[in-house]
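Residue-level structural notes
As a plain string of letters, each chain reads:
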Amino acid sequence: MSGGLVLPGGGEQGDQGGVINDGTTASVSLALPLEIGAELDWGADAWAEVRTRARRAGRAYVWLNLVEQRLRAVVNAILRPIYEPVHGEEWVVAAAGPAGHEWVQRAAAVREVSRRKGFLLDPADDNILSFLTLPQLRELVVQHWPCFEPYLDERRELEMALDELEVARHVVSRNRALSRNVLDQAERAAARLLDILGSGPGYPSSERLPVDAVEELVADRYADVVGVYPDRVRLQRQLPAENLFGGARRLDAVGIGLNLLVQNFSGRRLVRLAESGCRVRLLFLNPASSAVRRRERELGVGRGELSRSVEMNIMHMRRVRARLRDTAAFEIRVFDETPRFTAYLVDGDGPDGLAVVQSYLRKARGMEAPVLILRGGRREIVQSKDEDSDGQTGLFEVYREEFEGVWADSRPVS
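The following refers to the structure shown. Along each chain, residue indices are assigned from 1 in the same order as the chain's sequence is written. Per-residue local features are limited, in this predicted model, to residues with pLDDT of at least 70; the limit for side-chain atom pairs, both in listing and counting, is 80 or more; totals at the level of whole chains, interfaces and linings are taken over all residues. The side-chain figures draw on all heavy atoms in the structure; neither hydrogens nor water molecules are used.

**With respect to the overall build of the chain**
Scanning the chain from N- to C-terminus turns up 15 helices and 8 strands. Buried means the residue's accessible area, taken with a 1.4 Å probe over protein chains only, is under 20% of the maximum for its type, while exposed means over 50%, and partly exposed covers the values in between. The buried share of the chain, reckoned over its 414 residues, is 40%. Throughout, a contact is declared for two residues whenever any of their heavy atoms are within 4.5 Å. Residue pairs at least 24 apart in sequence account for 70% of intrachain contacts in the chain once pairs closer than 6 positions are excluded. Numbering of helices and strands starts at the N terminus; helices are DSSP runs of H or I of at least 4 residues and strands are runs of E of at least 2.

**A short note on the sheet that holds strand 1 (residues 225-229)**
A pair of strands is considered paired only if DSSP assigns at least 2 bridges between the two. Taken together, the 8 strands give an open sheet; going across it, the order is 1-7-6-5-2-3-4-8, and neighbouring strands pair in mixed fashion. The sheet is open, and its two edges are formed by strand 1 and strand 8 (411-412), each paired on a single side. When strand 4 (residues 330-335) meets strand 8, the two strands line up antiparallel, connected through 2 bridges. Directly across from V334, in strand 8, lies its bridge partner R411.

**Quick notes on unusual backbone geometry**
The residue L258 is not glycine, and still its phi comes out positive at about 55 degrees. Overall, the relative accessible area of 2% leaves L258 in the buried class. The backbone phi angle of D347 is positive, close to 55 degrees, even though this residue is not glycine.

**What to know about the side chain of R281**
Residue position: R281 is located in strand 3 (residues 279-285). The buried category is assigned to R281, whose relative accessible area is 5%. What R281 contacts, discounting residues up to four positions off in sequence, is R250, L251, D252, A253, E331, F403, E404 and W407.

**Considering the pattern of salt bridges**
One speaks of a salt bridge when a side-chain nitrogen belonging to Lys or Arg is within 4 Å of a carboxyl oxygen belonging to Asp or Glu. The full count for this structure, using the stated rule, is 30 salt bridges. In this structure, R155 engages E159 in a salt bridge whose closest nitrogen and oxygen atoms are separated by 3.0 Å. Placement of the pair is R155 and E159 together in helix 6 (residues 155-173), with a separation of 4 residues, close to one helical turn. Of the charged contacts in the structure, one is a salt bridge between E331 and R279, with a shortest N-O distance of 2.8 Å. Here E331, found in strand 4, pairs with R279, found in strand 3; they are 52 residues apart in sequence, far enough to count as distant. Each of R249, R250, D252, R281, D347, D349 and E404 takes part in a single network of salt bridges with overlapping partners.

**A look at empty space enclosed by the protein**
Of the grid points, spaced at 1 Å and generated over the protein atoms alone, those admitting a 1.4 Å probe that cannot get out make up cavities, while open sets with protein on both sides within 12 Å along at least five of seven lines make up pockets; any residue with an atom within 4 Å of a point is treated as lining. Grid points are joined across faces, edges and corners, and a volume is the space filled by probe spheres set on the points. Using the criterion set out here, one finds 1 cavity of 30 Å³ or more in the structure. The calculated volume of the largest cavity comes to roughly 70 Å³. Together, V254, F335, E337, T338, P339, R340, F341, E402 and V406 line the largest cavity. For the lining of the largest cavity, a count of residues per class yields 5 nonpolar, 1 polar and 3 charged. Each residue gets one of three labels, nonpolar for Ala, Val, Leu, Ile, Met, Phe, Trp, Tyr, Cys and Pro, charged for Asp, Glu, Lys and Arg, and polar for the others, Gly among them.

**A closer look at the packing of aromatic side chains**
Pairing of aromatic side chains here covers Phe, Tyr and the six-membered ring of Trp, requires ring centres within 6.5 Å, and sorts the geometry by plane angle: under 30 degrees stacked, over 60 edge-to-face, intermediate tilted. Applying the stated criterion to the full structure yields 5 aromatic pairs. Aromatic pair F245 and F265: ring centres 5.7 Å apart, planes at 70 degrees, arrangement edge-to-face. In this pair, F245 sits in helix 10 (residues 241-245) while F265 sits in the loop between helix 11 (259-262) and helix 12 (267-275), placing the two residues 20 residues apart along the sequence. Like F245, the residue F265 is buried in the burial classification. Summarising the aromatic geometry, the rings of F341 and Y399 are spaced 5.1 Å apart at their centres and angled 75 degrees between planes, so their arrangement reads as edge-to-face. Of this pair, F341 sits in strand 5 (residues 341-346) while Y399 sits in helix 15 (residues 395-408), and the two are 58 residues apart along the sequence. Overall, Y399 belongs to the buried group, its relative accessible area being 17%. For a lysine, the NZ atom is tested; for an arginine, the CZ atom; a charge sits over a ring if that atom is within 6 Å of the ring centre and within 35 degrees of the ring normal. It is R281 that lies over the ring of W407; its NZ or CZ is 5.2 Å from the centre.

**Side note on the nonpolar core**
The criterion is simple. A nonpolar core is a set of buried Ala, Val, Leu, Ile, Met, Phe, Trp, Tyr and Cys residues joined through side-chain atoms within 4.5 Å. Counting 57 residues, the largest nonpolar core has F245, L282, F284, M317 and F330 as the members making the most contacts within it. Those residues in contact with L282 that sit more than four places away from it in its chain are A253, L258, L261, M317, F330, E331, I332, R333 and W407. Counting 44 residues, the second-largest nonpolar core is a separate cluster that includes L64, V92, I128 and V141.

**Looking at helix 4 (residues 134-143)**
A turn of α-helix holds 3.6 residues, and therefore any two residues three or four places apart point the same way. Every buried residue of helix 4 is listed here: L134, Q136, L137, R138, L140 and V141. Buried residues belonging to helix 4 abut helix 1 (44-87), helix 2 (91-96), helix 3 (101-117), helix 5 (145-148) and helix 6.

**Points about the packing of helix 1 against helix 6**
The angle between two axes is taken between their N-to-C directions and runs from 0 to 180 degrees, where each axis is a line fitted to C-alpha atoms and a helix contributes only its stretch in contact. Packing of helix 1 against helix 6 brings their axes to within 10 Å, and their N-to-C directions diverge by 120 degrees. Comparing the axis directions of helix 1 and helix 6 gives the class oblique. As for the relative orientation of helix 1 and helix 6, their crossing is left-handed in sense. Residue-level contacts link A57, A60, Y61, L64 and V67 of helix 1 to L165, A168, R169 and V172 of helix 6. Looking at the contact of helix 1 with helix 6 residue by residue, the classes come out as 8 nonpolar, no polar and 1 charged. For classification purposes, angles smaller than 35 degrees are called roughly parallel, those larger than 145 roughly antiparallel, those between 65 and 115 roughly perpendicular, and all remaining angles oblique. By definition, any crossing whose near helix is turned counterclockwise from its far helix by less than a right angle is left-handed, and any crossing with a clockwise turn is right-handed.

**Comments concerning the environment of S290**
Here S290 lies in helix 13 (residues 290-299). Exposure remark for S290: the relative accessible area of 37% places this residue in the partly exposed category. Between the alpha carbons of S290 and D336 there is a distance of 8.0 Å; along the sequence they are 46 residues apart.

**Some points on the layout of surface pockets**
Its boundaries defined by the atoms lining it, the second largest pocket holds a volume of some 530 Å³. Taken together, 22 residues line the second largest pocket, and the ones lying closest to its centre are Y61, N65, E68, R72 and S130. Considering every element that reaches the lining of the second largest pocket, the biggest residue donor is helix 1, with 8 residues. Tallied by class, the residues present in the lining of the second largest pocket amount to 11 nonpolar, 6 polar and 5 charged.

**Observations concerning the packing of helix 1 against helix 4**
The description of two helices packed together rests on the angle between their axes and the distance between the axes. Interhelical geometry of helix 1 versus helix 4 gives an angle of 30 degrees and a closest axis separation of 10 Å. Here the hand of the crossing between helix 1 and helix 4 comes out left-handed. Here V67, E68, L71, R72, V75 and L79 of helix 1 come into contact with helix 4, specifically with L134, L137, R138, L140 and V141. A breakdown of the residues in the contact of helix 1 with helix 4 according to their chemical character gives 8 nonpolar, no polar and 3 charged.

Okay, structure coming up:
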């Protein structure tokens, strides 16, 4: 007997060939061998989960990297002129003082190892400051706050934002799962820190649609496209009409009926916008043109239904224009060409433009068509050495020029 199992008896016990005296056959129940490697295969759900984790960690890492580099530059600009004249290259050690002796020596040791192994690819990083982590940079700021106070107004807000970032930094540095809520919190905290440290997005249009860190890094790769939505409903959740049009100094729009503006931005708000100095140019498809009838057949609506809707929108805009003191700044025109897209260009004549563009689909209304958001006037951030960007423009300029071409061939509405 072993492990609770009874084995068949030997010849001395009288059983022959595994048969007990009572005629029954003896059997032994053995555990199946362990299937090594059975859990190595990942299904679709496991791969989807790990890719989601990687995307979230990547976004958080971009924000953390931006904040750390900016804070390092601020520390260098403020403390280096104070300590370097006396302590030379060891000015970071001197600035850390006795309280930071342990971690600054650890950073110096990591730097030395990196130098020996050839990990320092950029000579600009061959200094102790480049090897300090975000908490250590924060410690330098806190220890020398009187030096930073003339440049950074809110110490409490700075420390609170850094506290919020610490959770995401801890998770990303150890490659752990990052929840959606923690990622959102980290992005908000990082954006606030960059503003405090004097290195915010720098785009006036970011007041309408915040500039994302990933957009900042790969701006040139997507030809000004900063947002894509499957339909206008999802667009308006992210970018309501009030955020898009409010405060504009110039508004150019072209389309069939311009419902995004006419039906989602009140006439009273349009009057106030125009009275504050905004120049408005609206291009509607001529409701009496054959293009409207073709569009009605595509959508499967009754004859005259679409043309009446466009006509009502034009009449509403005429009433808005009639309430203005300077009606010349609020122009309404119609065009007779085949409509190809709807575009709303906000402040398109300056470096802070934002555009919402939709192409017309044969069987889909404008509310159901995919939407592109374009940001104009952005500088290129990432450019391959073998790419020549001279003379290239983004999609924003393409649609702006297209608008001007249709405007030139249109007729004014009295």
